[in-house]
Amino acid sequence: MANVMDVRSALAASDELGQRISVRGWVRSRRDSKAGISFVAVNDGSCLANIQAVVPATLANYEKDVLQLSSGCAVIISGVLTVSEGKGQALEIQADAVEVVGWVDEPESYPISKKRHTFEYLRSVAHLRPRTNTFGAITRVRTVLANAIHNYFFAQGFQWINTPLITASDCEGAGELFRVSTLDLANLPRAENGAIDFAQDFFGAQSYLTVSGQLNVEAFCLAMSKVYTFGPTFRAENSNTSRHLAEFWMVEPEIAFADLNDDAALAEDFLKHVCRVLLEQCSADLEFFAEFIDKQAIERLQHVAARNFERMDYSEAVHVLQNCGKSFQFPVQWGLDLQSEHERYLCEEHVKAPLIVMNYPKDIKAFYMRQNDDGKTVAAMDVLAPGIGEIIGGSQREERLDRLDARMQEMNIVGDLWWYRDLRRYGTVPHAGFGLGFERLLNYVTGMENIRDVIPFPRVPKSAPF
RNA sequence: UCCGCCUUAGCUCAGUCGGUAGAGCAAUUGACUGUUAAUCAAUGGGUCGCUGGUUCGAGCCCAGCAGGCGGAGCCA
């Protein structure tokens, strides 16, 4: 085999012209010319573009192999990298060897045909959809975005905390929990009162998959100052929407000696940074999204990167909504949570930009959020993005033990949070953080509409087939 | 969980009044061409989601179930 290159490198390798190389990948299409050549388009996932191999009919296995190639076949093609005589591409390979590594059984029923498919259909062949242009592009953007997130925090001196996926705490926040157990479901151990005896379970207590790493990451925040978690989280809620997954990835930074304004500033700087990185490093894939998925894809990123986010108190948001002259399906009243339609109006029509709404009524927010001096609100914020709604939710945390205890009592929080309380007993300090749904951000930056299409294998109620 | 819509060829969809099934694309074969989601021609391809009911007769009407999609709620 000659010098093996991935397609991305080969197409960028003008300095390798005239050299013999090999590329390895999967056939996207084959076009035969009776001039005695076939054109084979090969993609290996390294970039959006295919490389075109020009295969002469004089190859020994031309009839036997090359003329049998169909979409999806795995091949290794070797030949000299040359300037293309055709118009669709700058470079191509003049093939002198074609090795078919894997054939496609029954090309007629190969699920990924050259024609465009609906995303709904592609979800039913999730094991093969990475072979499409769209899912290749999503996968590359996902990788660059994950890297940009880690790199941003690393450059800012944050520590990456690998918070546990299994938890015995059932009050991490909102959300139904998936139970984790090794008990025999057909023969559950019982205590004397008939209740299931979880003391005999693996962890000696009821345990669950985490719905958030926040409480754990706070512990590291109050030692390492700037920390974040980035990993999978699980919600057993029966949510059937294009914005919810039962298993999704979440980014949760937490900063010490910080208040809500610091938190909002971090969220804005963070989002601007990752958008800039995508614009720099994913230009070909973003152009693809702009052409085939969402015309606004690139402008939106430029807009986020360039423009200052608007900020508005919840009370002001309510005032704006009540006086905008629009009628909403759900009521707008101080004390009620903002509905999707309200959030969308605010960021899409009122400010026409990302918007940070701050200081919500305490009764609609979580127990750990810091109570403001007005006695009515807590230091919570939501970052609302046009077209997608809430993309970040965060808050300054209640660092005063007496206030935290009072709030937990008021809200009837039961469960063993002694260690979380300890953080307020030993060197407590104002701190704040937020949670960002990774797939929601991916939806936002690619213009994809359904969250099930930006994660490799989506898990939603009644469906985890792959 | 609630509301609405959908389920017919590998894919996307038609299917009239209830009378035994149709197109485009894909696939296969051939023609043609430094081709570009090539083009042209021919050919093959169906348990009409499942179960039951009404009917002489059901893709079509009725009931139940399953699955999918969109929206809402919950949230990230």
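Anything mentioned here points back to the structure above.
A.B. asks: Describe the overall build of chain A, with residues and values.
C.D. replies: Of regular secondary structure, chain A possesses twelve helices and 17 strands. Seen through its principal axes, chain A has C-alpha atoms that stretch 85 × 60 × 45 Å. Classification of the 466 residues of chain A by burial places 49% in the buried group. Put simply, of all contacts in chain A between residues at least 6 apart along the chain, 67% involve residues at least 24 apart. Positive and negative side-chain charges in chain A, numbering 46 and 61 respectively, have mean positions lying 4 Å apart.

A.B. asks: Tell me about the sheet that holds strand S8 (residues 166-167), residues and numbers included.
C.D. replies: With respect to topology, three strands assemble into an open sheet ordered S8-S10-S9, the strand pairing being antiparallel. Where the open sheet ends on each side, the last strands, each with one partner, are S8 and strand S9 (179-180). Sheet topology note: the S8/strand S10 (residues 207-209) ladder contains two bridges and is antiparallel. Across the sheet, Ile-166 pairs through a bridge with Leu-209, a residue of S10.

A.B. asks: Got a sec to walk through the protein's contact with RNA strand B? Specific residues and values, please.
C.D. replies: In the neighbourhood of RNA strand B, 56 residues make up the surrounding shell, with Asp-32, Glu-92, Thr-241, Gln-339 and Arg-440 lying closest. The sugar and phosphate moieties of RNA strand B supply 50% of its atoms located within 4 Å of the protein. Within the contact set of RNA strand B, a base nitrogen lies 2.4 Å away from a side-chain nitrogen or oxygen of Glu-92. With respect to RNA strand B, the side chain of Asn-240 contributes an N or O atom lying 2.9 Å from a base oxygen. At the level of elements, strand S2 (20-33), strand S3 (37-43), strand S4 (51-56), strand S6 (91-102), helix H2 (119-123), strand S12 (247-256), strand S16 (389-396) and strand S17 (431-437) are the ones that each hand at least two residues to the surface near RNA strand B.

A.B. asks: Run through the pairing of S17, naming residues and quoting values.
C.D. replies: Among the seven residues of S17, seven are classified as buried, and the element is accordingly described as predominantly covered. Judged by which residues are buried, S17 turns out to be covered on both faces: His-431, Gly-433, Gly-435 and Gly-437 on one side and Ala-432, Phe-434 and Leu-436 on the other are all buried. Two elements, S12 and S17, share five bridges in a ladder whose sense is antiparallel. Bridging from a neighbouring strand, Glu-254 pairs with Gly-433 of S17. Note that S16 and S17 share five bridges and pair antiparallel. Looking across to S17, one finds that Ser-395 is bridged to Gly-433.

A.B. asks: Quick one: what's the story with the nonpolar core, residue by residue and with numbers?
C.D. replies: In this structure, Ile-77 and Phe-270 are the most contacted members of the largest nonpolar core, which totals 93 residues. In terms of residues, this core owes the most to one element, helix H3 (residues 133-155), which gives eleven residues. Ignoring sequence-local partners within four residues, the contact set of Ile-77 consists of Ile-21, Ser-22, Val-23, Val-40, Val-42, Ala-53, Ile-93, Ala-95, Ala-97 and Val-98. Within the second largest apolar cluster, 29 residues are counted, among which are Met-312, Val-318, Leu-346 and Phe-367.

A.B. asks: How would you sum up the side chain of Ser-84? Please name residues and give values.
C.D. replies: Along the chain, Ser-84 falls in the loop between strand S5 (74-83) and S6. At a separation of 3.0 Å, a polar atom in the side chain of Ser-84 contacts the main-chain amide nitrogen of Gly-86. Once you skip the residues sitting within four places of it in the chain, Ser-84 turns out to touch Gln-89, Ala-90, Leu-91 and Glu-92.

A.B. asks: Now, about a nonpolar patch on the surface: what can you tell me, with residues and values included?
C.D. replies: A grouping of Leu-165, Ile-166, Phe-202 and Phe-203 is seen on the molecular surface, where their side chains present a nonpolar patch of about 390 Å² in accessible area. Here Phe-203 shows up in the loop between S9 and S10. Residue classification places Phe-203 among the partly exposed positions, given a relative accessible area of 43%.

A.B. asks: So, the sheet that holds S12: which residues are in play, and what are the values?
C.D. replies: Taken in spatial order, the eight strands of this open sheet run S7-S11-S12-S17-S16-S15-S14-S13, and their pairing is mixed. Each having just a single partner strand, strand S7 (159-160) and strand S13 (310-313) make up the two edges of the open sheet. Sheet analysis places S13 next to strand S14 (residues 355-361), joined by four bridges and oriented parallel. By the bridge assignment for S14, Arg-311 is matched with Ile-356.

A.B. asks: Describe helix H4 (residues 214-224), and please don't skip the residues or the numbers.
C.D. replies: Listing the buried residues of H4 in full gives Gln-214, Leu-215, Val-217, Glu-218 and Cys-221. When H4 is viewed along its axis, its buried side chains cluster within an angular range of 150° and face the same direction. Each element contacted by the buried residues of H4 is listed here: strand S11 (226-234), S12, helix H11 (418-425) and S17. Backbone geometry just downstream of H4 places Ser-225 in the positive-phi region, at approximately 75°.

A.B. asks: Go over the packing of aromatic side chains with me, naming the residues and quoting the values.
C.D. replies: Scanning the model with the defined rule gives 20 aromatic pairs in all. On the numbers, 5.7 Å between centres and 75° between planes, the contact of Tyr-314 with Trp-334 is edge-to-face. You can see Tyr-314 sitting in helix H8 (residues 314-322) and its partner Trp-334 sitting in the loop between H8 and helix H9 (340-350), a full 20 residues away along the chain. Overall, the relative accessible area of 33% leaves Trp-334 in the partly exposed class. Every member of this aromatic cluster is reached through a ring pair, and the members are Tyr-152, Phe-153, Phe-158, Trp-160, Tyr-228, Phe-270 and Phe-434. Over the ring of Tyr-444 we find Arg-300; its NZ or CZ atom is 5.2 Å from the centre of that ring. Its end group placed over the ring of Trp-334, Lys-376 keeps NZ or CZ at 5.1 Å from the ring centre.

A.B. asks: I'd like to hear about the state of the cysteines, residue by residue, with values.
C.D. replies: For the structure on display, the rule yields zero disulfides. Of the cysteine sulfurs around Cys-324, a residue in no disulfide, the closest is that of Cys-347, at 13 Å.

Reading the values: rules and limits
- Residues numbered from 1 in each chain as written.
- Chains lettered and ligands numbered in written order.
- Predicted model: local features only at pLDDT ≥ 70, side-chain atom pairs only at ≥ 80, totals over all residues.
- Heavy atoms only, no water.
- Helix = DSSP H or I, 4+ residues; strand = E, 2+ residues; numbered from the N terminus.
- Buried < 20%, exposed > 50% of the residue type's maximum accessible area, 1.4 Å probe, protein only.
- Contact = heavy atoms within 4.5 Å.
- Lys, Arg positive; Asp, Glu negative; His and termini not counted.
- Charge placed at Lys NZ, Arg CZ, Asp CG, Glu CD.
- Pairing = 2+ DSSP bridges.
- Near = heavy atom within 4 Å.
- Polar contact = N/O pair within 3.5 Å; in protein donor to acceptor, adjacent residues only side chain to side chain.
- Core = buried A, V, L, I, M, F, W, Y, C linked by side-chain atoms within 4.5 Å.
- Patch = residues over 30% accessible without salt bridge, like charges linked within 9 Å, V, L, I, M, F, W, Y side chains within 5 Å.
- Areas by Shrake-Rupley, 256 points an atom, 1.4 Å probe, with all protein chains shown as cover.
- Salt bridge = Lys/Arg side-chain N within 4 Å of Asp/Glu carboxyl O.
- Arc of directions from axis to C-beta.
- Phe/Tyr/Trp six-rings, centres within 6.5 Å; stacked < 30°, edge-to-face > 60°.
- Lys NZ or Arg CZ within 6 Å of the ring centre and 35° of its normal.
- Disulfide = S-S within 2.5 Å.

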